[in-house]
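Structural characterization, general
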Amino acid sequence: MKYDVVVIGGRVGGSTTSLFASKHGLDVLMIEKRQEIGTPVQCAGATTCNTFQTLDMKPSNKYICTEIYGGTICSPDGNRAKLRGKKVEGYILERKAFDKHLAIESARAGTDIMVKTMVTDLVRKDGKVCGVVAKHMGKTMEIEADLVIAADGVESQIAPLAGLNTQKRPQDIGSCAQYEMVGMDVDPNYVEFYFGANTAPGGYLWVFPKGEGLANVGVGVRNSPYPAYHYLQKFTSQLPATPVELNVGGVPLSGVVEKTFTDGFLLVGDAAGQVEPLSGGGIHTTVECAKIAGEVAAEALEKNDTSTRFLKNYEKQCRAKVGNNIKNSLKYRRIMDKLVDEDFNEITKFLEGHDLESISKLSMMGLIKGHPNLLGLLKKIL
Ligand SMILES: Cc1cc2nc3c(=O)[nH]c(=O)nc-3n(C[C@H](O)[C@H](O)[C@H](O)COP(=O)(O)OP(=O)(O)OC[C@H]3O[C@@H](n4cnc5c(N)ncnc54)[C@H](O)[C@@H]3O)c2cc1C
């Protein structure tokens, strides 16, 4: 078997890469180890409107649960600041349906897909990656490719096989647990974030509405005395709601890995650390980088050059698109690491009475001048 491109992993990173590579006329095989693309879910499903602009797709109610207009910040002392918006700022996706939809679209564009097939090794010739070894229902096969693109998630086993260093320290991984719950009394168009040392140390707790009383309720923590599930149980046991699904997973929160390309090989999505470290949001950034991977793959094949020298264009373009976002987000995450409960109380108090528009209109200096306590807080943390 021989393909132009083999893509490893079939969720948002893999399917988007395959979609764009196929749209550019490449012969693509996407390999997913699970028997169903999109499961088990390891995501709360919030994404920006940009995701759909990048994908060049109209958001569809096949996979969109709700439109999001703003968010509510909930402080440790129980105060709430609702930041109201006037337009759609983003969506809550049903990730299972969204990922499968992306895979279906890439198949329609020409991608061949193998499910329940695990890539176990890379094939190399003269140091260059030139294929994969895959196992399907007990049968091992070798598949040749001019280019291999791995989008195999935060625990990527493939990147080290290609000689890329993706090792992370435990404190650079957000550990998450989430219930999908029924019977939630929440505004269907507003996300909620809860902060505090007893609620979500090193992270936050989220309530993302899915409509009709459904919501994803989850917690992401770092460096915490207990696992995420402990905080999830503590919060949800007080709710008059019941879970129908439990998801657990890790999210890389240390920024993009050292290098995302080598001879005949690219790395995409969580595997490459293409996630905003403050929010843990990786759908929009992964989609941006996966689209670039598909386009660079097409150019590389056209020029018959899949060398490191050419493929470095992938990393360069990703850096230009999402590099600053990710870098700034890491800076803010480090600032947030220094906040204590009193700071979250203060920030929430400050945000009360503002809406999204007024906050985005005010310059940082305007915000600080108008709030002496905030100036003190910034002096302390910066
Ligand atoms: C609990 C939680 C909540 C989150 N919430 C949000 C959110 O609300 N918004 C947001 O933007 N981001 C969120 N994220 C992050 C987001 O889910 C990820 O950034 C995004 O899914 C990354 O996609 P990916 O395709 O790179 O990796 P993944 O989604 O991890 O997909 C990797 C795929 O590769 C497959 N695979 C792995 N190894 C192999 C192999 N050897 N052979 C074949 N297949 C293989 C896996 O089965 C999997 O399907 C959340 C993460 C977690 C853990």
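One structure accompanies this document, and this report is about it. The model shown is predicted, which means the values in this text are computed figures rather than measured ones.

Parameters at a glance
- Residues numbered from 1 in each chain as written.
- Predicted model: local features only at pLDDT ≥ 70, side-chain atom pairs only at ≥ 80, totals over all residues.
- Heavy atoms only, no water.
- Helix = DSSP H or I, 4+ residues; strand = E, 2+ residues; numbered from the N terminus.
- Expected span 1.5 Å × (residues − 1).
- Buried < 20%, exposed > 50% of the residue type's maximum accessible area, 1.4 Å probe, protein only.
- Contact = heavy atoms within 4.5 Å.
- Pairing = 2+ DSSP bridges.
- Axes fitted to C-alpha atoms, helices over the stretch in contact; angles between N-to-C directions.
- Core = buried A, V, L, I, M, F, W, Y, C linked by side-chain atoms within 4.5 Å.
- Near = heavy atom within 4 Å.
- Polar contact = N/O pair within 3.5 Å; in protein donor to acceptor, adjacent residues only side chain to side chain.
- Areas by Shrake-Rupley, 256 points an atom, 1.4 Å probe, with all protein chains shown as cover.
- Right-handed = clockwise from strand over helix to strand, strands pointing away.

1. As for helix 3 (residues 95-108)
Relative to the 20 Å expected for 14 residues at 1.5 Å per residue, helix 3 spans 19 Å between its end C-alpha atoms, a close match to the ideal helical length. Of the residues making up helix 3, those classed as buried are Arg95, Phe98, Asp99, His101, Leu102, Ala103 and Ser106. For helix 3, the elements touching its buried residues are helix 1 (12-23), strand 2 (28-31), helix 2 (50-55), strand 7 (90-93), strand 8 (112-114) and helix 6 (283-302). Positive backbone phi, at 120 degrees, marks Gly110, one or two positions downstream of helix 3.

2. Overview of the sheet that holds strand 3 (residues 46-48)
The strand order 3-7-4 describes an open sheet built from three strands, whose pairing is antiparallel. Looking at strand neighbours, the two that pair on one side only are strand 3 and strand 4 (64-68), the edges of this open sheet. On average, each strand axis in the sheet is inclined to that of its neighbour by 30 degrees, with strand direction left out of account. Across four bridges, the pairing between strand 4 and strand 7 is antiparallel. Looking at strand 7, one finds that Glu67 is bridged to Tyr91.

3. Thoughts on the nonpolar core
Among the nonpolar cores identified, the biggest contains 29 residues, and Val5, Leu26, Leu147, Ile149, Leu266, Leu311 and Tyr314 are the most heavily contacted of them. Contributions of two or more residues to this core are made by strand 1 (2-8), strand 2, strand 11 (139-150), helix 6 and helix 7 (308-337). Filtering out sequence-adjacent residues up to four positions away, Tyr314 remains in contact with Thr260, Leu266, Leu267, Val268, Gln274, Cys289, Ile292, Ala293 and Val296. With 25 residues, the next largest nonpolar core counts Met114, Ala159, Ala162 and Ala271 among its residues.

4. Description of the environment of Val287
On the secondary structure map, Val287 appears in helix 6. Sequence spacing of Val287 and Gly269 is 18 residues, and the spatial spacing of their C-alpha atoms is 7.8 Å. If we skip the residues at most four places from it in the chain, Val287 touches Val12, Thr16, Thr51, Thr54 and Leu55.

5. Focus: unusual backbone geometry
Going from Thr39 to Pro40, the amide bond is cis rather than trans, its omega being -10 degrees. For Pro40, the location among the structural elements is in the loop between strand 2 and strand 3. Positive phi is not limited to glycine here, since Glu212 has a value of about 50 degrees. Assignment of secondary structure puts Glu212 in the loop between strand 14 (204-211) and strand 15 (214-221).

6. Looking at the site of the ligand
Around the ligand sit 32 residues, and of these Gly13, Glu32, Ala44, Ala46 and Asp270 come closest. In the model, a nitrogen atom of the ligand is placed 2.9 Å from a nitrogen or oxygen of the Ala44 main chain. A distance of 3.5 Å separates a nitrogen atom of the ligand from a polar backbone atom of Gly280. Computed on the free molecule, the ligand has an accessible area of 1000 Å², of which 94% lies beneath the protein chains in the complex. Put simply, the parts of the chain that give the shell around the ligand at least two residues each are helix 1, strand 9 (117-125) and strand 16 (242-252).

7. Things to note about the environment of Cys318
Along the chain, Cys318 turns up in helix 7. Take Cys318: its relative accessible area is 6%, and that puts it in the buried class. Along the sequence, Cys318 and Lys291 sit 27 residues apart, while their C-alpha atoms lie 9.5 Å from each other. In contact with Cys318, not counting residues within four places along its chain, are Gln274, Cys289, Ile292 and Gly323.

8. Quick word on the pairing of strand 2
Covered by surrounding structure in strand 2 are Val28 and Met30 together with Leu29 and Ile31, the residues of both alternating faces. Direction of pairing for strand 1 relative to strand 2: parallel, over a ladder of four bridges. Bridged to Val6 within strand 2 is Leu29. The parallel pair strand 1 and strand 2, bridged by helix 1, forms a crossover whose chirality is right-handed. Sheet topology places strand 2 next to strand 8; three bridges connect them, and they run parallel. Residue pairing in the sheet places Ile31 in a bridge with Met114 of strand 8.

9. Some remarks on the sheet that holds strand 6 (residues 80-83)
Across the sheet, seven strands lie side by side as 6-5-13-14-15-12-16; this open sheet has mixed pairing. Single-partner strands in this sheet number two, and they are strand 6 and strand 16. When strand polarity is set aside, the average angle formed by the axes of neighbouring strands in this sheet is 20 degrees. The pairing of strand 5 (residues 70-74) with strand 6 spans four bridges and is antiparallel. Within strand 6, the position partnered with Ile73 by the bridge is Ala81. Against the sheet, helix 8 (residues 341-351) touches strand 5 and strand 6, its axis set at about 45 degrees to strand 6.

10. What to know about the environment of Glu315
Summarising the element assignment, Glu315 is placed in helix 7. Judged by its relative accessible area of 10%, Glu315 falls in the buried class. As for Glu315 and Ile292, which are separated by 23 residues in sequence, their C-alpha atoms are 9.0 Å apart. The contact partners of Glu315, leaving out residues within four places of it in the chain, are Glu258, Lys259, Thr260 and Phe261. Within the local environment of Glu315, its side chain forms a polar contact with the side chain of Thr260, the two groups lying 2.7 Å apart.

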